[in-house]
Amino acid sequence: MSVHAYIVNANEYQWLEDNPKVKVAVIADSLPLEYVDDAGIPQGYAVEVLNQLAFQTRLKLEYKIFASVSEAILALQQGKVDMLSNASNHRRLNPFVRYTQTTWSQPLALFQPLDKARFSDMQQFSGQAVAVVSGSSAHEALLTFYPSVELLLYPTLIEAIRSVAEQQAVALVAGSDEVAAHLRAMPQWRLQQAVELAPSLPHQFAIRDDWGPLVTLFNRSINSQEANFTEQSYHRWQAYAAPHKQASLFSYWWFLGVLLVAAITASITLLVRQQLSRASHKNLLLREQLDYWKNHDEVTGLPNRRQITRLITNWLDDAMPLSVLMFDFPRQNEVFENFGQRLGEVTKEAYAKRVQKSLKKHYPDAQLAYWYHHYFVVVVPQINKDKEVIEIAKQIVQSCRGWLRLEQLQLLTRCHVGYSAYHPRREALHSDTLLANTFTALNHAVKTGASICRYHPDLSQAGLVKLTLESKLRKAIGNNELELYFQPQYCLKTNTIVGAEVLLRWFTADGAISPDEFVPVAEETGLVLQLDKWVFQNAMRFMARYANQLPEGFKLSVNFSASTVSLGHAEKIAISYARQWQVNPQRICIEITESAMMEQPLEAKASIQRMRDAGFGIAIDDFGTGYSSMAYLKHLPVTILKIDRAFVVGLEDNLSDQHIVKAMVMIARSMKYQVLIEGIETQTQANLASVMGCEQAQGYFFARPQPEKDFVNHYLLKTRAKENLRLVVN
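Residues numbered from 1 in each chain as written. Predicted model: local features only at pLDDT ≥ 70, side-chain atom pairs only at ≥ 80, totals over all residues. Heavy atoms only, no water.

Peer 1: Just checking my understanding: could you explain the overall build of the protein chain for this structure?
Peer 2: A count of helices and strands for the protein chain gives 26 helices and 29 strands. Looking at the protein chain as a whole, 48% of its 730 residues qualify as buried. For the protein chain, the accessible surface area stands at approximately 36400 Å², while carbon and sulfur atoms represent 52% of it. (Helix = DSSP H or I, 4+ residues; strand = E, 2+ residues; numbered from the N terminus. Buried < 20%, exposed > 50% of the residue type's maximum accessible area, 1.4 Å probe, protein only. Areas by Shrake-Rupley, 256 points an atom, 1.4 Å probe, with all protein chains shown as cover.)

Peer 1: Quick question: what am I supposed to make of helix H13 (residues 341-362) here?
Peer 2: Here H13 contains 22 residues, and its C-alpha end-to-end distance of 32 Å stays within 8% of the 32 Å for a straight helix at 1.5 Å per residue. Taken together, the buried positions of H13 are Leu-343, Gly-344, Thr-347, Lys-348, Ala-350, Tyr-351, Ala-352, Val-355, Ser-358 and Leu-359. (Expected span 1.5 Å × (residues − 1).)

Peer 1: I'm lost on the pairing of strand S12 (residues 191-208) in this one. Help?
Peer 2: Each regular strand carries side chains that alternate between the two faces of the sheet. With 13 of its 18 residues buried, S12 lies for the most part within the structure. Both strand S6 (residues 83-87) and S12 contribute to a ladder of three bridges, which runs antiparallel. Following the sheet pairing, Ala-87 is matched in S12 by Gln-204. The pairing of strand S7 (residues 97-99) with S12 spans three bridges and is classified as antiparallel. What sits directly across from Arg-98, in S12, is Ile-207. Across 10 bridges, strand S8 (residues 104-113) lies against S12 in antiparallel orientation. In the strand pairing of S12, Leu-110 is matched with Val-195. (Pairing = 2+ DSSP bridges.)

Peer 1: What is the right way to look at the pattern of salt bridges in this model?
Peer 2: Opposite charge on two side chains permits pairing when their charged atoms draw close. Throughout the structure, instances matching the rule amount to 15 salt bridges. A salt bridge links Lys-64 to Glu-62, with the nearest nitrogen and oxygen atoms 2.9 Å apart. Residue Lys-64 is classed as partly exposed on the basis of its relative accessible area of 30%. Sharing partners across several salt bridges, the network here consists of Glu-501, Glu-591, Lys-642 and Glu-678. (Salt bridge = Lys/Arg side-chain N within 4 Å of Asp/Glu carboxyl O.)

Peer 1: Help me understand the packing of aromatic side chains in this model?
Peer 2: The description of an aromatic ring pair rests on the distance of the ring centres and on the angle between the ring planes. In this structure the tally under the stated criterion is 23 aromatic pairs. With a centroid separation of 4.8 Å and 25 degrees between ring planes, the pair formed by Trp-104 and Tyr-234 is classed as stacked. Of this pair, Trp-104 sits in strand S8 while Tyr-234 sits in helix H8 (residues 229-238), placing them 130 residues apart in sequence. Given the relative accessible area of 2%, Tyr-234 is considered buried. Their ring planes at 50 degrees and their centres at 5.2 Å tell us that Phe-542 and Tyr-546 sit as a pair that is tilted. Across the pair, Tyr-546 and Phe-542 agree in class, each one buried. Grouping aromatic residues by their ring pairs yields a cluster made of Phe-486, Phe-542, Tyr-546, Phe-554, Phe-711 and Tyr-715. The aromatic ring of Tyr-700 is capped on one face by Arg-704, whose charged end is 4.0 Å from the ring centroid. (Phe/Tyr/Trp six-rings, centres within 6.5 Å; stacked < 30°, edge-to-face > 60°. Lys NZ or Arg CZ within 6 Å of the ring centre and 35° of its normal.)

Peer 1: In this structure, what is going on with the side chain of Gln-192? I would like to understand it.
Peer 2: By secondary structure assignment, the location of Gln-192 is in strand S12. Gln-192 gets classed as buried once you look at its relative accessible area, which sits at 15%. A polar contact of 3.4 Å, which involves the side chain of Gln-192, links it to the backbone oxygen of Pro-113. Residues in contact with Gln-192, not counting those within four places in the same chain, are Leu-110, Phe-111, Gln-112, Pro-113, Leu-114, Lys-116 and Arg-118. (Polar contact = N/O pair within 3.5 Å; in protein donor to acceptor, adjacent residues only side chain to side chain. Contact = heavy atoms within 4.5 Å.)

Peer 1: How do you make sense of the environment of Ser-200 when you look at a structure like this?
Peer 2: Tracing the sequence through the fold places Ser-200 in strand S12. Overall, the relative accessible area of 41% leaves Ser-200 in the partly exposed class. Among residues more than four places away in sequence, those in contact with Ser-200 are Ser-105, Gln-106 and Leu-108.

Peer 1: Would you mind showing me how to read the side chain of Thr-300 here?
Peer 2: Within the element layout of this structure, Thr-300 appears in the loop between helix H10 (269-294) and helix H11 (305-317). In this structure the side chain of Thr-300 is engaged in a polar contact, spanning 2.8 Å, whose partner is the side chain of Asp-297. Not counting residues up to four positions away in its chain, the partners in contact with Thr-300 are Lys-348, Glu-349, Ala-352 and Tyr-370.

Peer 1: What's the story with the nonpolar core in this structure? I'm lost.
Peer 2: In globular proteins that are soluble, nonpolar side chains generally tend to be buried together. Of all hydrophobic cores here, the largest spans 79 residues; its most connected members are Phe-536, Leu-556, Ile-588, Ile-590 and Ile-643. Examining the composition of this core, we find that 10 residues originate from one element, helix H18 (residues 528-545), more than from any other. (Core = buried A, V, L, I, M, F, W, Y, C linked by side-chain atoms within 4.5 Å.)

In structure tokens form, the structure reads like this:
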């Protein structure tokens, strides 16, 4: 293999002189990336690439073998090894390592027994036992994206696969290529890949955090290699599987076959020919049946994603005008979760038949297909005019709307429709592009509540902006590129600081990105849980660092998103991180919006009560702008009620706002809550708030949100009252 030359600078050369040997952790059985052969020598794709990089950089490698991922991670955290030969972004690793560039990625997939009904969505595993390797990237992906799945943790992949084969777990989640290697070696483990999950598993090297020069050298070395080196190397190891058991098994059956062949006599030749003829006919039928199910959904019998994509491609190649419509069955998840898989599949089939019947009656050339999850596609050749396509969409909406009655289930159904049209004389499109445009239109219809939405390019642009922002935000969380700001909270009677609210800010090379932009994206994409974890952990780090300098009675207020609270994650995050950083919970106030409490009221109430029992203060944020009832609020263990800034803007001149604030203060006092008013910007507003009975306040009049360094210098190192604050207190 040839490589491009690159220059080692003086600092890197000195580093190589000071660190000639690197201790590398290798997992004993993790094909195709790494494994240890019978002679005890590390092998595999990751090892091959690493050896090549070491040769180029003149490093000496010392391999340390570990039985499991968790053991290798622990060894790196304890300084027993310097790097891992195979690693993905991992919360246990991120504080201790830097990552090189990705050299290859393999899909993260779900595997299940061949003799079981095939699953198509991870939501179907809510509350069910799924096997996963402890400490692996698959383990972290399930914790992050599918918290409702019950995990069975195993130290090695072989043990995890065996648990599914022996029906201790219903399925397995791991890297698809790793599992495939073991299944080739162990054909008695009759498992199949059911579905690929969104997160892929990138191969990269994880190097101890203080060895930045080695990361730089490896990245340059990776870039200098021939383009097809990693691809060829990976495919070679991907096809490899230890064949020892297979070989011995094959040899035995081969020998037995020879004996049987030797025993065949001429008297049964005719019978053998007849049997072969029957077998050939049976195989032909099986091949036809297999081909049918490869191209059709097994529940509805409709053409599947593969088949409809092929049909669209053929029509596009023939330059045929056509329209593509996509609609959903939004209540499918409810049926699966509440009534089980059997009735869920029966319901999906009945829903599809209803639409199929309507389409065949009015548009006989229309082709209905099952897309995936709860989405269906309709392709209509020779029709691409907007008016005609809208009529088809209306027909779909009409046929989907109404009651669906099956067994004990009576379900009121509805749908949304997105569509796009192909005009051969105007444009040249690929089938994937046409389907992606249609899906974008459907998503927009769902978000806006519209029954029908036509695709236009602006929708893709908005989706691209969202995807770009999501990618940047995910990277920012992993690389600690976010920043905490602190806004002081004052006591209106003593004019002294009593606490601060933590606010999240994001600054990039292109400028600041407002929370109003990135927080909704985090909520839509599931990143909000990671965002809440990052904020709370860094808030606890701040409290631990300045514990001895905080004023007496100082409390730090931290916000949690509605989904984090309603799903029960808030209490786990708060309790675990406070314990980890040895922060007294009584110095922390958890701020929760009214919408968070009402999204899942019973679960939210139980979670809030557990946080209160642990010692945390609880504040109702933005009070007065939500829709919670007093009957519900009076049963919550709340300590502080925060009056929203919306009632402060006109406080000086608007009697209605003054009456509303007075009423909220009276409600809070009757429930024995403290009252904090937000958005104070003038002396008059501060005076009025004090006269009305508000005990605490925050706003630009007192101080704007400040970065940690400024807040510490101004309020902790030399605590002082607000000098220009002259309150009128009755």
